[in-house]
Amino acid sequence: MSTPPRTLFEKIWQRHVVADEAEHPTVLYVDLHLVHEVTSPQAFAGLAARGLGVRRPDKTFATMDHSTPTLPRHLARVDAAAEAQLAELERNCAKHAIPLFGLDHEHHGIVHVIGPELGLTQPGRTIVCGDSHTSTHGAFGALAFGIGTSEVEHVLATQCLLQHKARTLEVRVDGALGRGVTAKDVILAVIARIGTGGGAGHVIEYTGSAIGALDMEARMTVCNMSIEAGARAGLVAPDDTTFAWLDGRPYAPRGAAWDRAVCAWRALATDEGATYDRSVTFDAAEIAPMITWGTHPGMGMRIDGRVPSAESVDDPADRRAIEKALAYMGLAPGEPIVGQRVDVVFVGSCTNSRMSDLRAAASILRGRRVAEGVRALIVPGSRRVRLEAEREGLDRVFREAGAEWREPGCSMCIAMNGDEIAPGQYAVSTSNRNFEGRQGKGGRTLLASPLTAAAAAVTGRVTDPRSLLAS
Amino acid sequence: MQPFTRLTSRVAVLPVDDVDTDQVIPARFLKITDKVGLGDKLFADWRRAPSGDDPGFVLDRPETRGARVLFVGRNFGCGSSREHAPWALCGWGFAAVVATSFADIFRTNALKNGLLPVALDEVAHAHLRALLDADPRAEVTVDLEACVLRMPDGREASFPIDGFARRCLLAGIDELGYLSSLDKDISRWEAEHG
């Protein structure tokens, strides 16, 4: 008997079901658990209170990224609370024999940057972390999602999670992206269309020729922001691009095991004839460079467009949301966004801090200067990224332009580590959230691609990056 | 965890959609290693005392003092997975949040802390809003045994909740006990899948 056609999600899900008892959620096995300092201490304390250990420290890896400084180590100190959190993680990892990639470790970096670059992130795996941007790892065809601290404790204790099966949402992007249009613009366009809660209860699979043409780092940028559409996870089917990127990574299989793995990974792609619960389609050629104007990632627009007005929508709740967002952002409805004053530019975060992101920013900054009065912060996603960028001379490009070149970490994306913007300031940021105060109390965030962020840095204004690209 | 069966309380009305967990508890308060002390920081950047014509933020108004139910719009708790959000809500004294929908991770986190997410349909939600606007001191009853919310005018609205989570809340037990009881199944899966 032949099995019915299945989606990528269904294949990974079915393989990981440990138990599925009546009137209980499904028990799902977790292949890889990533841990960081902010969402884990209470979970470890819970284990201790119950007298439990960590079931699979060999499937658990820890790093420090959220509350860590990005200044050079001899200057670096956030505060006593942050340091206590880091010390707690060190103690917990030592106690339970969990590998820890601490601040001075060669593998140190943002959790969603180092998982892939170490080859821990592999197709077909289930991956969780106490961080909503765990969806990033779905770029490799892994089912990866964020969990809360209680669930971190569950996974530490049992290597399993209680789960209800999500529905599937296909986001299909066909065609070719235009000049100056990047993966970040694609995902901001997707979220602007389906809304910040539009993917709730769903796992997104990104399909279509434009997705297939993206390199791995671009796919990570897309999957990273799946949570900003409310989705549990984002997936891209693994293909030769995926395998080539993973080959030779420290934790990737080698030799015959690699060949067997690739063979199994090829079979993960959604079968011909399998159906999704919902589908939405986009024409890549119609996507322009995007920027957000409001206070959630669904409030995005073409950079060459005009800031929306409350009168442009019918729903009273939507009207109030637009008015509230514009009041916070200090933006006038109906005006072009191009030309808006910018105080700070941030290139970094688990969304856009990899080599391709830094190269994109450098392509604009090379031979130019950061505008007077603008602070530009370039924060690589990992030590490995930092070293590779320095080998390429990108650090010199940034420094000569007048930007700050920092140590890896979450930095200004979360503003709990000393890097933040001041009340009222405008920041064009390559990060993932423009919520009120996300980058510092009273700060105003405009999300955009590394190209658009770099363009804002050199002009001091929101600028269409296409006007600065070499022809 | 305290069992949750039935709760009668005033309601704090925050009629905002897409409230993200960065608003519920800003990131600068996450540098802790325990779960206590977050109640005072709930909605820290939205807090504002009443003054003149300004009614202030809902949690700062006298009529919501002691309210154990928070009323919000759609997609509550979107964004960050921080479980500090339900810790802060519980720390303030809330035991239930009424919305039209919840973000997935927030709902999961809330249930694991004895904080009941009550998703009403839009008609019931709007009806309750009107009643609370008319009388901000009116009380509602959230009945988890019957899975209904009783409004101040006696009208009842049912709400969905996962059966397993409901049983855990009613008994005041957490979900790890069930997972731990499946040790043999987990070992078998590990043996089969390496």
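(A) The packing of aromatic side chains, seen in detail. For the structure shown, the criterion picks out 15 aromatic pairs over all chains. Note on Trp258(A) and Trp265(A): the rings are 5.6 Å apart at their centroids and 85 degrees apart in plane angle, and the pair reads as edge-to-face. Of the two residues examined, Trp258(A) and Trp265(A), each falls in the buried class. Each ring, one from Phe102(B) and one from Phe106(B), has its centre 6.2 Å from the other, and the planes form 15 degrees; the classification is stacked. The class of Phe106(B) is buried, set by a relative accessible area of 2%. Chaining the aromatic ring pairs together yields one cluster made of Phe61(A), Phe101(A) and Tyr251(A).

(B) Looking closely at unusual backbone geometry. Unusually for a residue other than glycine, Glu23(A) sits at a positive phi of about 60 degrees. Note on placement: Glu23(A) falls in the loop between strand S1 (17-19) and strand S2 (26-29).

(C) Representation of the interface of chain A and chain B within the structure. Every contact between the two is made by 64 residues of chain A and, on the other side, 50 residues of chain B. Counting the surface lost from both chain A and chain B, the interface buries some 4600 Å², and carbon and sulfur atoms represent 56% of this. Our count for the chain A to chain B interface comes out at 10 salt bridges. Asp183(B) is the partner of Arg55(A) in a salt bridge, and the nearest nitrogen-oxygen pair spans 2.6 Å. Where chain A packs against chain B, one counts 25 residue pairs in polar contact (both at pLDDT 80 or more). Broken down by secondary-structure element, the contributors of at least two residues to the side of chain A that touches chain B are S1, S2, helix H2 (41-50), helix H3 (80-96), helix H5 (149-158), strand S8 (160-163) and helix H11 (316-329) of chain A. Looking at the side of chain A that touches chain B, the element that brings in the most residues is H5(A), giving seven residues.

About the thresholds
- Residues numbered from 1 in each chain as written.
- Chains lettered and ligands numbered in written order.
- Predicted model: local features only at pLDDT ≥ 70, side-chain atom pairs only at ≥ 80, totals over all residues.
- Heavy atoms only, no water.
- Phe/Tyr/Trp six-rings, centres within 6.5 Å; stacked < 30°, edge-to-face > 60°.
- Buried < 20%, exposed > 50% of the residue type's maximum accessible area, 1.4 Å probe, protein only.
- Helix = DSSP H or I, 4+ residues; strand = E, 2+ residues; numbered from the N terminus.
- Contact = heavy atoms within 4.5 Å.
- Buried area = accessible area lost by both parts, 1.4 Å probe.
- Salt bridge = Lys/Arg side-chain N within 4 Å of Asp/Glu carboxyl O.
- Polar contact = N/O pair within 3.5 Å; in protein donor to acceptor, adjacent residues only side chain to side chain.

On their own, these measurements won't tell you what the molecule is for.
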